[in-house]
Amino acid sequence: DEHSFPKGPTKRMHGVNLWPNNPQNFREIIQKLIDKLTEISFSILGGLEKALEFPADYFTQEVYQNASSFWSLKLLHYVHSDTSLGVRSHEDYGFFSLIITKDPGLQISLPNGTLVSVSPQKGEIICLLGKSMAWISNGKARGVPHHVLG
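Since the structure is predicted, the reported quantities are computational estimates derived from the model, not experimental observations.

1. A short note on the side chain of Q107
Here's step 1: Mapped onto the elements, Q107 comes out in strand β3 (residues 106-109).
Here's step 2: At 3.1 Å, the side chain of Q107 and the side chain of S117 are in polar contact.
Here's step 3: Within the structure, the side chain of Q107 is placed 2.8 Å from the side chain of H147, a separation counted as a polar contact.
Here's step 4: Apart from the residues within four sequence positions on either side, Q107 is in contact with L115, V116, S117, P145, H146, H147 and L149.

2. Quick notes on unusual backbone geometry
Here's step 1: Cis rather than trans, the peptide bond between N22 and P23 has omega equal to 0 degrees.
Here's step 2: As for its placement among the helices and strands, P23 is situated in the segment before α1 (26-51).
Here's step 3: Within the chain, E53 stands out as a residue other than glycine whose phi angle is a positive 60 degrees.
Here's step 4: Counting through the fold element by element, E53 comes out in the loop between α1 and α2 (58-63).
Here's step 5: On the basis of relative accessibility, which here comes to 65%, the residue E53 falls in the exposed class.
Here's step 6: For D57, which is not a glycine, the phi torsion comes out positive at approximately 65 degrees.
Here's step 7: As for its position among the elements, D57 is in the loop between α1 and α2.
Here's step 8: When its relative accessible area of 44% is taken as the criterion, D57 is described as partly exposed.

Thresholds applied
The written sequence of each chain sets the order in which its residues are numbered from 1. Predicted model: local features are reported for residues with pLDDT of at least 70 only, side-chain atom pairs are reported and counted for 80 or more only, and whole-chain, interface and lining totals are derived from all residues. Heavy atoms throughout the structure, all of them, feed into the side-chain values; hydrogens and water do not. In DSSP terms, a helix is any run of H or I states spanning at least four residues, a strand is any run of E spanning at least two, and both are numbered starting from the N terminus. Think of a polar contact as two N or O atoms within 3.5 Å of one another; within protein, one of them needs to be a possible hydrogen donor and the other a possible acceptor, and neighboring residues in sequence only count if both atoms come from side chains. For this analysis, residues touch if any pair of their heavy atoms sits within 4.5 Å. With a 1.4 Å probe rolled over the protein chains alone, any residue whose accessible area is under 20% of its type maximum counts as buried; one over 50% counts as exposed, and the rest are partly exposed.

In structure tokens, the structure reads:
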């Protein structure tokens, strides 16, 4: 069965992607997005290698080649309303998160604890470092605490 998921603790999140029938070209649109975001991600990783003084191609050779999963894609839509609580403050778990949005509501916490609203602009991608980048860099880089207003 193409929709069954592998069993066992190491395979819980592995399985076949289920694509909606509507819109008909949803899968192709998302695949183009994935391809572009992957290209952007490798550019960011190259810059982080230089900034954090890692060997050239460290992330592509040591991390990506040995990882069972390099990325995940979440399509989220946070609805702003007077009754919504939003998303509490947190740091994402990966190396970094790329956020594409046109809506306000994202706030990041600066190292001194000051909250700053992020003003998304059309055509821009927001990049937030995550916990894994802090770990692999031995604290040279830090995850960015952030939350979404409701």
